[in-house]
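Topology and contacts: notes
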Amino acid sequence: MASTEIADPQSPLNGHDSTDQPQPPQDPETQAPQDDAVSGGKRKREEEGGDVKPAAGQHPLWKTSLCSFFRRQDASCGHGSGCRYAHSEAELRPRPDHTWDPTSERAKKAAKKSGEDKECAAWDDVMMTEALDDDEDGDGDGGDGFGSDPALSKCLVHLPRNWKSDKLKEFLSEQGIQYKSAKKKKGMVLGFMSFESAEQLETAVKALDGISIGNNNIKVADVLPRSFERKTKSAMGLPLVGENAEDPMVANGVEDGDGTKGRSARTVVTPLAHMPYADQLEHKKNSVMQILKRLSRSARKACPNGIPLPEWILKSREIGGLPCVLEGILASPVVNGYRNKCEFSVGQSLQGKTTVGFMLGNFREGVTAVEEPLDCPNVSPISCKYASIFQEFLQQSSLPVWNRFKNTGFWRQLTVREGRSGMVSDAENCEPNISEVMLMVQVSTAGFDDSLITSEFERLAQTFSAGATANSPSLPLTVLVIQDHQGISNAAPADAPLRSLCISKAENGSEIQATNNVAEPEIHDYISSLRFCISPTAFFQVNTLAAEKLYSLAGDWAELGPDTLLFDVCCGTGTIGLTLAHRVGMVVGIEMNASAVLDAQRNAEINGITNCRFICSKAEDVMRSLLEEYLTAPEKQDNDAIEGSDKAIVTDEEKIIVTDEEKIIVTDEVKAIVKEAEKPNPEESSSHEHENGKTACEGLESSKQELQKSSTENRKSPVQCYKNVVAIVDPPRSGLHPTVIKALRTHPGLRRLVYISCNPESLVANAIELCTPSPDKIEKNKNNRAWRNMSSAGLARHRAKSMPASEPFRPVKAMAVDLFPHTVHCELVMLLER
Ligand SMILES: C[S@@+](CC[C@H](N)C(=O)[O-])C[C@H]1O[C@@H](n2cnc3c(N)ncnc32)[C@H](O)[C@@H]1O
């Protein structure tokens, strides 16, 4: 039989707890009732609060949760009809607060409904500032696609995503609707219509508003003319600028001219900016707490039948349901203008003006409006200034800005990255310390005339240069890079072609950092007194000073020493490993972005650090073999290795392993780069070659040489074994790949793991797999389509069932670190041991 906890289905803390459905971070005031199911206080509230009264003598939550024993196909509930949990949907009762067990069909239906309602509400804020493809379906209405009178245009919301214009037209004909034009883009839930007359429009609105298509009710929204701006300007006698000034429409649920119904770049990008910083920290700590509680609940559920619950789960009730102590939240040393990197979108403002800034929402939800970043407190003044210099440039440019509907256009995005020349003394007054700036402009060159591109790039470089000089004091400007990207979204792959443009001297000859030949497109920053090179696409934490705190916390928790081998998993430019290198015997960094790996290697060199090895690969491809390489050493080596890195003995066997390193280090992405560098590219060498520029090929060639050099160097260093092996993992938002989790979990030599996460949800999901006891009988992973709709925690519980027999980790402590003041985001660090 299982532990007492499992054997007692009446306990609210046993396998019956059905509350691990994904929930957004919640304000403690508005927590779902289950969050506090572990606390007596909450139960008391429930007993007092609701009007769903249990019969006399019955448990206050009688049949308000589904019985997990009953639900499991491989188990039956021994309590029969006397079980306090419901054995079917029909038996289920609402909770005292009128909610349903979140795992029940009723709750799922209610959640779907409320999601739809919320979406409906959001449609009042439709902020389309880009015209739909003019005539993509060849219906000949061409031009603006809507007709010239905005009063005769409407927007249909909640259409099936897979519909295109022809399907919309078919539907309208079926309904007997007369119209002038109808447009629909696949993937969006929005369609556009225009009408010949007011009567036609009125009849259509009456017929269409509220009509059902599938499960959705169609909503008819207003279309706001983009000519708002045009009219205003012409009334004021101002010139119209930019190609998009001629665009006819902006669909908008807002009736007044520039009303945004409270939505602004500030509220979208920095939604906590209205709170004092101390309150923001409290809010984030509480959110993290709620997410962490899900780890205890999920791991309890995932614990296999017949296996005792681990101590940390049993003890969680003593600490309010947390899986371990949450030690608090570390504040950011700098609260305003802290971002060293800003990515600015290019698009149309609500007034139809070409704007560089932040989108007010999501394209798929019908928002394409872009607003200037001036009011966002996380953006630095320097970044704001460059955004506005670029904005002015675009308003005069003869090349078009990117149109998200048409997927056409040239100018797409501006990234501003800032670097410093030394450690910061005054955290709140960072600007004087910014000594380097990298500007990366994303464009889509396909189909544009090369000579026009060249002349626009020249003008761009001059504009930035002149703008920087015109500022007082002049703005730093170190590197200007062009990234060429053809994809639909602005998220370019790491290997999208890059070229550096020379920054010409300003006409008045004043000294800004003009460079005639850009050797390497990189800037520099400092963390823990080390200098870091940062190349255009390499990841670098956006809040340098707070990152320093984060890394030093991770180092302290990792309990490092000279006999420690530190795996820095997802190492980026090597920041964690390099700042901790002096405290360990050796660092092995793993990173898939080739230029970040090159940066890491260079960063080791410029800081005189010799005990680091960086591997360019996806962690999932090398984690297991690296653990084996470093933890499964010839017996005789053990004693020497633990005494320090300089005592290594190189055996023949090791030499073989070391030679294999070359295979490891040159993995897919690097091969792709090398292949790319070797490929003759006539376009690059002829037409796209800028007279002052450096082509992508040149950059790739030097990358190739550097990687070859590093492979040779790596071959020289012997593989050693370390008794104390620690991993610090810092994965992207999606968390660690399941193969990496399996490798870390199943290698018994790894006793300590520090998990740094920018997304506490994925930390929880990964920790479920790392910390849940292995089942006696491993379930084979079925390719179950239902998994697609599962929460990350649900998926992790399923995966845990197929985890090979291995000792689980246990959460020891956690700490939130605020790297992103004014936003809802927060880093979470958790120490796992076994
Ligand atoms: C959150 S960043 C952390 C970088 C670094 N630790 C730092 O603090 O600067 C995540 C890094 O993981 C890398 N990455 C993403 N997926 C990866 C994978 N499957 N294998 C290895 N690295 C990966 C990204 O390129 C990025 O550099």
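Residues numbered from 1 in each chain as written. Predicted model: local features only at pLDDT ≥ 70, side-chain atom pairs only at ≥ 80, totals over all residues.

Between its first and last C-alpha, helix α15 (residues 594–606) extends 18 Å over 13 residues, near the 18 Å set by a 1.5 Å rise per residue. Most of α15 is tucked away, with 11 of its 13 residues classed as buried. Taken as a whole, α15 has its buried residues at Ala594, Ser595, Ala596, Val597, Leu598, Asp599, Ala600, Gln601, Arg602, Asn603 and Ala604. Gly608 lies just past α15 and shows a positive phi near 65°. (Helix = DSSP H or I, 4+ residues; strand = E, 2+ residues; numbered from the N terminus. Expected span 1.5 Å × (residues − 1). Buried ≥ 20, exposed ≤ 12 C-beta atoms within 10 Å, placed from the backbone.)

Turning next to the site of the ligand. Around the ligand there are 22 residues in total, and Phe539, Cys570, Gly572, Ala619 and Asp730 lie nearest to it. Among the secondary structure elements, those contributing two or more residues to the shell around the ligand are α14 (575–580), β19 (586–591) and α16 (619–631). Residues that form the shell around the ligand fall into these classes: 12 nonpolar, 6 polar and 4 charged. (Near = placed C-beta within 6 Å. Nonpolar A, V, L, I, M, F, W, Y, C, P; charged D, E, K, R; others polar.)

Across soluble globular proteins, nonpolar side chains have a tendency to be buried as a group. In this structure, Leu439, Ala554, Leu566, Ile728, Val754, Ile768 and Val829 are the most contacted members of the largest nonpolar core, which totals 156 residues. The residues touching Ile768, leaving out its near neighbours within four places in the chain, are Leu295, Ser298, Ala299, Ala302, Ala793, Ala796, Arg797 and Ala800. If you look at the next biggest cluster of nonpolar residues, it comprises 17 residues, including Val157, Leu168, Leu190 and Met193. (Core = buried A, V, L, I, M, F, W, Y, C linked by C-beta atoms within 7 Å. Contact = placed C-beta atoms within 7 Å.)

We now examine the sheet that holds strand β23 (residues 810–817). If you walk across this open sheet you meet the 8 strands as β8-β23-β24-β22-β21-β18-β19-β20, and the pairing is mixed. This sheet does not close on itself; its edge strands, each paired only once, are β8 (325–330) and β20 (612–616). In this sheet, adjacent strand axes meet at a mean angle of 15° when their direction is disregarded. Together, β18 (564–569), β19, β20, β21 (724–729) and β22 (750–757) form the strand contacts of α16, whose direction differs from that of β19 by roughly 160°. (Pairing = 2+ DSSP bridges. Axes fitted to C-alpha atoms, helices over the stretch in contact; angles between N-to-C directions.)

Backbone hydrogen bonds hold the strands of a sheet together, and the pairing may be parallel or antiparallel. Spatial strand order, β11-β10-β9-β12-β13-β14-β15: 7 strands in an open sheet with mixed pairing. Two strands bound the open sheet, and with one partner strand each, they are β11 (370–371) and β15 (498–501). Bridge count between strand β10 (residues 354–359) and β11: 2 bridges; the pairing is antiparallel. Within the sheet, the bridge partner assigned to Phe358 lies in β11 and is Glu371. Helix α11 (residues 381–396) contacts β9 (341–348), β10, β12 (411–420) and β13 (434–443) of the sheet and is inclined by roughly 140° relative to β10. Strands β13, β14 (479–484) and β15 of the sheet are contacted by helix α12 (residues 450–470), whose axis makes an angle of about 145° with β14.

Mapped onto this structure's residue numbering, the UniProt feature "binding site: S-adenosyl-L-methionine" (unreviewed entry) falls at Gln541, Glu591 and Asp730. Note that Glu591 resides in strand β19. Residues within four places of Glu591 in sequence aside, it is in contact with Cys570, Cys571, Gly572, Ala596, Val597, Ala600, Phe614 and Cys616. Each residue touching Asp730, except ones within four places of it in the same chain, is listed here: Cys570, Ile576 and Ile756. (UniProt positions renumbered as here; feature names shortened; annotations may be inferred.)

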